[in-house]
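Structural overview for review
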Amino acid sequence: MAENTNPPKSAPKIAGPKVEGPRAEGKAVERKSAVAAKPAAGTPEGDRIAKVLSRAGVASRREAERMIELGEVSVNGKVITSPALNVTSKDKIVVRGVVVGEPEQARLWLYYKPEGLVTSESDEKGRETVFDNLPAELPRVMSVGRLDLNSEGLLLLTNDGALKRRLELPSTGWLRKYRVRVNGNPVDPDLEPLRKGIVVEGERFQPMIVVIDRIQGANAWLTVGLREGKNREIRRAMAAINLTVNRLIRVSYGPFRLNDLQPGEVEEVKGKVLRDQLGQGATVDEDAPKRTRAPRPASRTTTGKAEGASSGRRLKSGEGLKQLSEAWGEATKPPRSFGTAAKKAEGSAEKPRTFGTAAKKAEGAALRPAKPPAKRATPTRGAPSGPKPAGGRPKRGA
């Protein structure tokens, strides 16, 4: 009988029952979430360096990118020329020879922007900006949104770029209220197009809240509320219904209000309010003085430019020489005298003053030697007075 030399076949694997149900689905979901949680391969940790510099209060993102391209920033001892770099807290960043510290805590200020200031860090026409007129003790700040040159009122300032973007997003949905004075006497039907939403030059504006407050001569005061901030939106919308805006004051931005702030004043939002409204941490000092004001002259040609020179602001051509000349003139100016009274006072300091005849006699007496007082015998009661000198007065009846 022939021997079977073929190797035995392995026993066929018996497929078990297919597992279905919630247990299997849960495992699949768990595997998918684990894969999604892992960062993509090759993605560096940390944040872009321009963002880190902005958070640290060095400069805006755009300015930080310009500084990087100019070779003014180094990371871990190596100069970088491209902003396409992520950094972490472990990296040492140096800007213009100064080590960049930890990012500042997010802070928010309320500022009453006066009319006539540009809401930008620099102006190509050389006009005054909001940042030229802020108090010197404020850190580097950014404006939340804008107010145009001829508008005034509440402007939010922050030192944190992420907070700035969050407050500017339309999804925040905060109502912004304005007090608007228009030339004319409108009635409610005239304002209805603004309440429904109006199209101006092909651009659609969202419906506004418009209330007539009072009529004042040839003008009317309105309260206008809107939830978006397009360029010159209120002025353009009013012009579309034949009304001219001659004054515009923003009185609130969401929960933040102008209240009794005066033009040029700044007030920091307390940490508790910031936490309640935005979920942000406390400010640097919740008990710090609430309000400060930048010193401004009465005229529009502010001396804030001269003050800004010490804070690192770039002076215009010829401005530094002018300041130096004025300072030299003040230093070399002779002491001032104030009329006849000042001259009399100077003369009286050089010679002693006399006060009439009595004073002259006293002065003369002080110059003459003093006479010794005459000795006078004191007679004793009942005792003879002694012999009288010869030739004295004869007695009566002698």
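Numbers given to residues run from 1 along each chain, matching the order in which its sequence is written. Whole-chain, interface and lining totals are the exception, using all residues; otherwise, since this is a predicted model, local features are given only for residues with pLDDT of at least 70 and side-chain atom pairs are given and counted only at 80 or more. The basis for the side-chain values is all heavy atoms of the structure; hydrogens and waters are excluded.

1. Considerations on unusual backbone geometry
Basically, it comes down to this: Where helices and strands are cited, they refer to DSSP runs of H or I of at least four residues and of E of at least two residues respectively, numbered from the N terminus.
Here Asn 76, not a glycine, exhibits a phi torsion of approximately 55 degrees, which is positive. Looking at the element boundaries, Asn 76 is found in the loop between β2 (73-75) and β3 (78-79). In this structure, Arg 232 is a non-glycine residue whose phi angle is positive, near 50 degrees. Relative to the assigned elements, Arg 232 resides in the loop between β14 (219-226) and α6 (233-240).

2. Considerations on the pairing of strand β9 (residues 152-158)
Filter applied, for reference: The rule is simple: take the accessible area with a 1.4 Å probe, protein chains only, and divide by the maximum for that residue type; under 20% is buried, over 50% is exposed, in between is partly exposed. For two strands to count as paired, DSSP must find a minimum of two bridges between them.
Taking burial as the measure, the 7 residues of β9 include 7 buried ones, the bulk of the element. Relative to β9, strand β7 (residues 108-113) runs antiparallel, the two being bridged by 6 bridges. Following the sheet pairing, Tyr 112 is matched in β9 by Leu 154. Relative to β9, strand β8 (residues 142-144) is paired through 3 bridges, and the arrangement is antiparallel. Directly across from Val 144, in β9, lies its bridge partner Leu 156.

3. Notes on the packing of aromatic side chains
Here is the rule: Any two of the Phe, Tyr and Trp rings considered here, Trp counted by its six-membered ring, make a pair once their centres fall within 6.5 Å; the pair's planes then place it as stacked at under 30 degrees, edge-to-face at over 60, or tilted in between.
Taken as a whole, this structure holds 2 aromatic pairs when the rule is applied. For the pair Trp 174 and Tyr 253, a centre-to-centre distance of 6.5 Å together with 90 degrees between the ring planes defines the contact as edge-to-face. Of this pair, Trp 174 sits in the loop between α4 (161-168) and β10 (176-183) while Tyr 253 is found in strand β15 (residues 244-253), placing the two residues 79 residues apart along the sequence. When the centroid spacing of 5.8 Å and the interplanar angle of 80 degrees are considered together, the rings of Trp 174 and Phe 256 count as edge-to-face. Here the residue Trp 174 occupies a position in the loop between α4 and β10, and Phe 256 occupies one in strand β16 (residues 256-257), the gap between them amounting to 82 residues.

4. Examining helix α3 (residues 61-69)
Convention followed: Regarding the arc, it is the one traced by the directions from the helix axis to the C-beta atoms. Two residues qualify as a contact provided that any one of their heavy atoms is within 4.5 Å of a heavy atom in the partner residue.
Residues of α3 that are buried include every one of Ala 64, Met 67 and Ile 68, and no others. All buried residues of α3 lie within an arc of 100 degrees about the axis, which places them on one face of the element. With respect to the buried face of α3, the exposed residues turned more than 90 degrees away are Arg 62 and Glu 69. The elements touched by buried residues of α3 are α2 (49-55), β2 and β5 (93-95).

5. A few points about the side chain of Lys 113
Defined as follows: Counted as positive: Lys and Arg. Counted as negative: Asp and Glu. His and the chain ends are not counted at all. What makes a salt bridge here is a side-chain nitrogen of Lys or Arg within 4 Å of a carboxyl oxygen of Asp or Glu, nothing more.
Among the structural elements, Lys 113 can be located in strand β7. Although Lys 113 is buried, it forms no salt bridge, and the closest oppositely charged side chain is Asp 148 at an N-O distance of 6.2 Å. When neighbours within four sequence positions are excluded, Lys 113 is seen to be in contact with Thr 119, Val 130, Leu 147, Asp 148, Leu 149, Ser 151, Glu 152, Gly 153 and Leu 155.

6. Details of the sheet that holds strand β6 (residues 98-99)
The strand order β3-β2-β5-β6 describes an open sheet built from 4 strands, whose pairing is antiparallel. Edge positions in the open sheet fall to β3 and β6, since each of these has one partner strand only.

7. Some remarks on the environment of Arg 257
Position of Arg 257 relative to the elements: it lies in strand β16. With relative accessibility at 46%, the residue Arg 257 sits in the partly exposed group. If we skip the residues at most four places from it in the chain, Arg 257 touches Leu 110, Leu 154, Val 251 and Ser 252.

8. Considering the environment of Asn 150
As for its position among the elements, Asn 150 is in the loop between β8 and β9. With 98 residues separating them along the chain, Asn 150 and Leu 248 place their C-alpha atoms 7.8 Å apart. With sequence-adjacent residues up to four places away left out, Asn 150 is seen in contact with Glu 115 and Arg 235.

9. Notes on the confidence of the model for the protein chain
Note the threshold: The predictor reports its confidence for every residue as pLDDT, a score running from 0 up to 100.
A residue-level look at the protein chain finds 61% of positions with pLDDT of 70 or above and a mean pLDDT of 74. Low pLDDT, under 50, characterises residues 1-5; the predicted model gives this stretch 0 contacts beyond four residues in sequence or across chains.

10. Here's the deal with the pattern of salt bridges
Evaluation of the coordinates by the stated rule reveals 15 salt bridges. Salt-bridge contacts for Asp 123 lead to Arg 127; the nearest nitrogen and oxygen are separated by 3.0 Å. Residue Glu 152 is joined to Arg 247 by a salt bridge in which the shortest nitrogen-to-oxygen separation is 3.0 Å. A residue pair is termed long-range when its members are at least 10 positions apart, and Glu 152 in strand β9 and Arg 247 in strand β15 qualify at 95 residues. Via salt bridges that share partners, Glu 201, Glu 203, Lys 230 and Arg 236 belong to a single interconnected network.

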